[in-house]
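# Reading the structure
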Amino acid sequence: MVVAGDEPQGLFALGALESTAAVRIPQTLASYNRRYPRIQFDLATGHPVP
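Described below are features of the structure shown in this document.

The rules we used
- Residues numbered from 1 in each chain as written.
- Predicted model: local features only at pLDDT ≥ 70, side-chain atom pairs only at ≥ 80, totals over all residues.
- Heavy atoms only, no water.
- Helix = DSSP H or I, 4+ residues; strand = E, 2+ residues; numbered from the N terminus.
- Rg over C-alpha atoms; globule rule 2.2 N^0.38 Å.
- Buried < 20%, exposed > 50% of the residue type's maximum accessible area, 1.4 Å probe, protein only.
- Lys, Arg positive; Asp, Glu negative; His and termini not counted.
- Charge placed at Lys NZ, Arg CZ, Asp CG, Glu CD.
- Contact = heavy atoms within 4.5 Å.
- Phe/Tyr/Trp six-rings, centres within 6.5 Å; stacked < 30°, edge-to-face > 60°.

### Some words on the overall build of the protein
In terms of helices and strands, the protein carries two helices and three strands. Over its C-alpha atoms the protein spans a radius of gyration of 12 Å, topping by over 25% the 10 Å that the globule rule assigns to 50 residues. C-alpha extents for the protein along the principal axes are approximately 40 × 25 × 10 Å. Sorting the 50 residues of the protein into buried and exposed places 14% on the buried side. Computed over 4 positive and 4 negative side-chain charges, the inter-centroid distance for the protein is 8 Å.

If you want it as structure tokens, here you go:
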């Protein structure tokens, strides 16, 4: 992610368990996307690798 001027832009990659991604993340990502529309999200779901 890069900040150009006052607005962040670029790719924001994150990972989460499927249950978290389904329940807790959607509203947060939607709100963030409305505030920073130039951010692209790359959400990976699954179990952490030990």
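### Considering the environment of I25
Counting through the fold element by element, I25 comes out in helix α2 (residues 25–35). Assessed through its relative accessible area of 11%, I25 is described here as buried. Setting aside its immediate chain neighbours within four residues, I25 contacts L14, A16, T20 and L43.

### Describing the packing of aromatic side chains
With the rule as written, the count across this model stands at four aromatic pairs. A centroid spacing of 6.0 Å and a plane angle of 70° characterise the contact between F12 and Y32, whose relative ring orientation is edge-to-face. In this pair, F12 is assigned in strand β2 (residues 7–16) and Y32 in helix α2, connecting sequence segments 20 residues apart. Geometrically, the ring pair formed by Y32 and Y36 is tilted, given 4.9 Å between the ring centres and 50° between the ring planes. On the basis of relative accessibility, which here comes to 25%, the residue Y32 falls in the partly exposed class. Every member of this aromatic cluster is reached through a ring pair, and the members are F12, Y32, Y36 and F41.

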